[in-house]
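# Breakdown of the fold
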Amino acid sequence: MPADTNPYGGVFGGWLMSQMALGAGALASRVGRGRAVVVSATDFAFPGAMAVGDELSVYCEIAATGTTSLTIAAEGIARERNGEATTKVCSGTFKFVLLDDDNRPRAVNEAALLANDG
């Protein structure tokens, strides 16, 4: 939407980062089977431009697993509004820590990770 643009009319990089964080968070919660909070975000790149009205798809995969954390790589692909052309517009890495009901870190369940691969 126009409210999500930079002064030059392009889609604001911060909006793209937030969409990647939402996608990565959904994967972390699903695979971790519970609450997951982002603790770091790194390696952002914006190799292409996204125009207002383009469709954004966010693709995520688990890049690493720690004792209580999941590191997730995310990339955003824009599809032009009235066509099929696509452009990679953003990528980044998010680290999530899994939390229990008392907001304390909890162990990553290896069984859940194996189930996600299948």
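Now for a look at the structure at hand. No experiment lies behind these values; they were computed from the predicted model shown.

With the rule as written, the count across this model stands at 2 aromatic pairs. Judged by centre distance (5.5 Å) and plane angle (75 degrees), the ring pair of Phe 44 and Phe 94 falls under edge-to-face. Pair noted here: Phe 44 is in strand β1 (residues 36-45) and Phe 94 is in strand β4 (residues 86-98), with a separation of 50 residues, a long-range link. Classification of Phe 44 as partly exposed rests on a relative accessible area of 25%. Note on Phe 94 and Phe 96: the rings are 6.5 Å apart at their centroids and 40 degrees apart in plane angle, and the pair reads as tilted. Each member of the pair, Phe 94 together with Phe 96, is buried.

Turning our eyes to something else, we now look at the sheet that holds β4. One open sheet accounts for 4 strands, arranged β1-β4-β3-β2; its pairing is antiparallel. Strand pairing shows two members of the sheet lacking a second neighbour, β1 and β2 (55-65), which therefore form its edges. This sheet shows a mean twist of 25 degrees between the axes of neighbouring strands, independent of strand direction. Here β1 runs beside β4; their pairing, made up of 7 bridges, is antiparallel. For Ala 45, the partnering residue across the bridge sits in β4 and is Ser 91.

How each quantity is defined
- Residues numbered from 1 in each chain as written.
- Predicted model: local features only at pLDDT ≥ 70, side-chain atom pairs only at ≥ 80, totals over all residues.
- Heavy atoms only, no water.
- Phe/Tyr/Trp six-rings, centres within 6.5 Å; stacked < 30°, edge-to-face > 60°.
- Helix = DSSP H or I, 4+ residues; strand = E, 2+ residues; numbered from the N terminus.
- Buried < 20%, exposed > 50% of the residue type's maximum accessible area, 1.4 Å probe, protein only.
- Pairing = 2+ DSSP bridges.
- Axes fitted to C-alpha atoms, helices over the stretch in contact; angles between N-to-C directions.

Keep in mind these numbers describe shape, not what the thing actually does.
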